[in-house]
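# Structure assessment
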Amino acid sequence: MASKNFLFTSESVTEGHPDKVCDQISDAILDEFLTKYPKSRVAAETTVTTGMALVCGEITSDCYVDIPQTVRNTIKNIGYIGADGGGFDYKTCAVLTSIDEQSVDIAGGVNKAFESREDNSSTSTYETESLGAGDQGIMFGYACNETPELMPLPISLAHKLAYRLAQVRKQGLVKYLRPDGKSQVTIEYVDGKPARIDTILLSTQHDPEINGIIDNKEIQAIIKKDLLELVVDSVFENEALKPDSTTKYLINPSGRFVIGGPQGDAGLTGRKIIVDTYGGYSRHGGGAFSGKDPTKVDRSAAYAARWVAKNIVAAGLAEKCELELAYAIGVAEPISVMVDTFDTGSCPDEEICELVKQNFDLRPAAIINQFDLRGLPAKNDGKFYQKLAAYGHMGRLDIEVPWENTDKAQDLRAQSTLGCSCCSK
């Protein structure tokens, strides 16, 4: 960013948002297949609209999964139950499926990489070291020192607000809330650092009446009061940067939000990729995560890129770091690796990039093995990727995810000129 003084905004959405409903369905299907058969190849896409959910894609596996039942269970757990669920019902919605097997042309390139290393260093449980990338593409990872989890502050706060909004509904603290909702936070930066909370926006689906009140003006006043007390105040209670007297609050700015979820808008897997990552603060390669097994580098390499960037910042080598990886289908090694510390690095970017290449094996099989990406669903009662499908895949504190580990930070610092005693005097 050229200017050091600016406003930056990020948004999040609740699990009841129609696009997030689709992400969770796709990842619930992935969880089921990987739990039963870890070598399953899955590319499950979902769309929802009024009274209907459609699952399509390519799946190759040696196990059976009851996809319609998985879809219905996911919708039920989100909260779309009968008339009180907001116009979409897990029991009565139609569930359509159109599934083919993975293309043999794609499988041929993935099962055996085009190139191979002289060293046979990978110890993947499921594949040989020559597993090729499942597609071409570019992936970005990012980290910065704005929050304890090393995420940009705007998306961190937006996720916390959306998550708390869902908690308030599910815990019954507010009876009139429905599953669909959004949050948005605008931060004022001064000299490139977060300085104040400029605007907080919350939109939530709600019942048409509250405690017998049908006047919309009165309803919105009740919603604003409850959400400020139970959501906003709760989230910022433990935050270092808090709203001030000039912070603007926009609660249901449209004035009414009764019709929502799949009844209000059609949803689609992969349409909230900025919410899933860094809230727009970092660049994005364009690839979605949900419904894809780990051979798809759109998912696995994006997780690895976050891991690398976070370790660089945790090592003190930079205040912020963005890593780009690029892959070719059927080729194991990344075809390019780029590090950008935005002039915050304690070492030259070129040096950090070399450290990345020396310390991180970024071939697909190595990433799968490093994070146990195929074994995580079974180790988490069959529900791992579905949990990631709402409230972000990066910076999670409520779920133990391996790419958030800073296990390489000490080595990176020690190997850098910053950590070398003879160079740092």
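Scroll up to find the structure this text is about.
Described in the following lines is the structure provided in the data block.

Rules of the game
Residues numbered from 1 in each chain as written. Predicted model: local features only at pLDDT ≥ 70, side-chain atom pairs only at ≥ 80, totals over all residues. Heavy atoms only, no water. Helix = DSSP H or I, 4+ residues; strand = E, 2+ residues; numbered from the N terminus. Contact = heavy atoms within 4.5 Å. 1 Å grid on protein atoms, 1.4 Å probe; cavity = no way out; pocket = protein on both sides within 12 Å on 5 of 7 lines; lining within 4 Å. Points joined across faces, edges and corners; volume = space filled by probe spheres on them. Nonpolar A, V, L, I, M, F, W, Y, C, P; charged D, E, K, R; others polar. Patch = residues over 30% accessible without salt bridge, like charges linked within 9 Å, V, L, I, M, F, W, Y side chains within 5 Å. Areas by Shrake-Rupley, 256 points an atom, 1.4 Å probe, with all protein chains shown as cover. Salt bridge = Lys/Arg side-chain N within 4 Å of Asp/Glu carboxyl O. Lys, Arg positive; Asp, Glu negative; His and termini not counted. Charge placed at Lys NZ, Arg CZ, Asp CG, Glu CD. Axes fitted to C-alpha atoms, helices over the stretch in contact; angles between N-to-C directions. Parallel < 35°, antiparallel > 145°, perpendicular 65-115°, else oblique. Left-handed = near helix turned anticlockwise from the far one by under 90°. Pairing = 2+ DSSP bridges.

### What to know about the side chain of His159
Relative to the helices and strands, His159 resides in helix α4 (residues 153–170). Discounting residues that sit within four places of it in the chain, His159 has contacts with Ser12, Val275, Tyr391 and Gly392.

### Some thoughts on empty space enclosed by the protein
Per the stated rule, a full pass over the model turns up 1 cavity of 30 Å³ or more. Considering the residues around the largest cavity, the lining is formed by 13 residues, among which Met139, Phe140, His284, Gly285 and Ala302 are closest to the centre. Secondary structure elements with two or more residues in the lining of the largest cavity: β5 (137–144) and α8 (297–314). Counting residues per element, the lining of the largest cavity draws most heavily on β5, which supplies 3 residues. Residues of the lining of the largest cavity, tallied by class, amount to 6 nonpolar, 5 polar and 2 charged.

### Here we look at a negative patch on the surface
On the surface, Glu45, Glu58, Asp100 and Glu101 cluster together into a patch of negative charge. In this fold, Glu45 is placed in strand β2 (residues 41–49).

### Overview of the packing of α8 against helix α10 (residues 364–371)
Relative to each other, α8 and α10 sit at 65 degrees, their axes nearing to 10 Å. In terms of axis orientation, α8 runs roughly perpendicular to α10. Along this stretch, α8 crosses α10, giving a crossing that reads as left-handed. Contact residues: α8 offers Val297, Ser300, Ala301, Tyr303, Ala304 and Trp307, while α10 offers Pro364, Ile367, Gln370 and Phe371. Classifying every residue of the contact of α8 with α10 by side-chain character gives 8 nonpolar, 2 polar and no charged.

### Quick word on the sheet that holds strand β11 (residues 336–340)
Sheet strands pair via backbone hydrogen bonds, and the direction of the pair is either parallel or antiparallel. Taken together, the 3 strands give an open sheet; going across it, the order is β5-β10-β11, and neighbouring strands pair in antiparallel fashion. The strands lining the two open edges of the sheet, one partner per strand, are β5 and β11. Between one strand axis and the next, the sheet turns through 15 degrees on average, direction left out of account. Bridge analysis of β5 against strand β10 (residues 320–327) gives 8 bridges, and the strand direction is antiparallel. Opposite Ala143, over in β10, you have Cys321 as the bridge partner. Packing against the sheet, helix α9 (residues 349–359) makes contact with β10 and β11, and its axis sits at approximately 135 degrees to β11.

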